[in-house]
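# Understanding the architecture of this molecule
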Amino acid sequence: MGILNLSKSERIDVRASKPVKQLLQEAARASHKNVSEFLLEAGVTAAAQALADRRQFELKDIQWQAFQEALDRPVQSKPRLEKLLREPGAMG
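Residues numbered from 1 in each chain as written. Predicted model: local features only at pLDDT ≥ 70, side-chain atom pairs only at ≥ 80, totals over all residues. Heavy atoms only, no water.

## Thoughts on unusual backbone geometry
Non-glycine residue His 32 carries a positive phi angle of around 60°. Its place among the elements puts His 32 in the loop between helix H1 (18-30) and helix H2 (35-55). (Helix = DSSP H or I, 4+ residues; strand = E, 2+ residues; numbered from the N terminus.)

## A few points about the confidence of the model for the protein
In low-pLDDT segments, the atomic positions of the prediction should not be examined closely. Per-residue pLDDT for the protein averages 89, and the proportion of residues at 70 or more is 92%. For the protein, helix H4 (residues 79-86) is the element with the lowest average pLDDT, namely 90, and H1 is the one with the highest, namely 97. (pLDDT = per-residue confidence, 0-100.)

## Re a nonpolar patch on the surface
Residues Phe 57, Leu 59, Trp 64, Phe 67 and Leu 71 make up a contiguous nonpolar surface patch of about 490 Å² in total accessible area. In this structure, Phe 57 sits in the loop between H2 and helix H3 (61-72). (Patch = residues over 30% accessible without salt bridge, like charges linked within 9 Å, V, L, I, M, F, W, Y side chains within 5 Å. Areas by Shrake-Rupley, 256 points an atom, 1.4 Å probe, with all protein chains shown as cover. Salt bridge = Lys/Arg side-chain N within 4 Å of Asp/Glu carboxyl O.)

## Things to note about the pattern of salt bridges
Enumeration according to the criterion identifies three salt bridges in this entry. Of the charged contacts, one joins Arg 11 and Asp 13 as a salt bridge, the two residues approaching to 3.1 Å between their closest N and O atoms. Both residues of the pair, Arg 11 and Asp 13, count as exposed. Lys 83 is the salt-bridge partner of Glu 87, the closest N and O atoms lying 3.9 Å from each other. For Lys 83, a relative accessible area of 45% gives the class partly exposed. (Buried < 20%, exposed > 50% of the residue type's maximum accessible area, 1.4 Å probe, protein only.)

## Points about the environment of Ala 28
One can find Ala 28 in helix H1. On the basis of relative accessibility, which here comes to 1%, the residue Ala 28 falls in the buried class. When the C-alpha atoms of Ala 28 and Leu 39 are compared, they prove to be 8.2 Å apart, with eleven residues separating the residues in sequence. Not counting residues up to four positions away in its chain, the partners in contact with Ala 28 are Lys 33, Asn 34, Val 35 and Phe 38. (Contact = heavy atoms within 4.5 Å.)

## Here's the deal with the packing of aromatic side chains
All told, the structure shown has one aromatic pair when counted by the stated rule. Arranged with centres 5.6 Å apart and planes meeting at 40°, the rings of Trp 64 and Phe 67 form a pair that is tilted. Residue Trp 64 and its partner Phe 67 are both found in helix H3; the two are separated by three residues, about one turn of the helix. Of the residues examined, Trp 64 reaches a relative accessible area of 42% and is grouped as partly exposed. (Phe/Tyr/Trp six-rings, centres within 6.5 Å; stacked < 30°, edge-to-face > 60°.)

## A look at the packing of H1 against H2
The contact between H1 and H2 brings their axes to 8 Å, and the two run at 90°. If you check the angle between H1 and H2, you find them roughly perpendicular. Along the contact surface, H1 presents Leu 24, Gln 25, Ala 27 and Ala 28, while H2 presents Val 35, Phe 38 and Leu 39. (Axes fitted to C-alpha atoms, helices over the stretch in contact; angles between N-to-C directions. Parallel < 35°, antiparallel > 145°, perpendicular 65-115°, else oblique.)

Quick look at the structure:
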């Protein structure tokens, strides 16, 4: 991944139980990496997956057309929604 090639200027400290540390060390050895490299790669992969649906989504042509049409529609007044947003909710 390109992000892993950037110069490393920041430190991330992680605390773990002894069994978790041993598991990570074993997995890192099996991957021919040190623990830092293993955790960084796994963390970046997990972060990219966690954010993927918030950054990019794919639509088929017909879905894209419907999406474009929805964006192009004029704004409509929605009095019930306006009222709902004006009034305090159950949490205050």
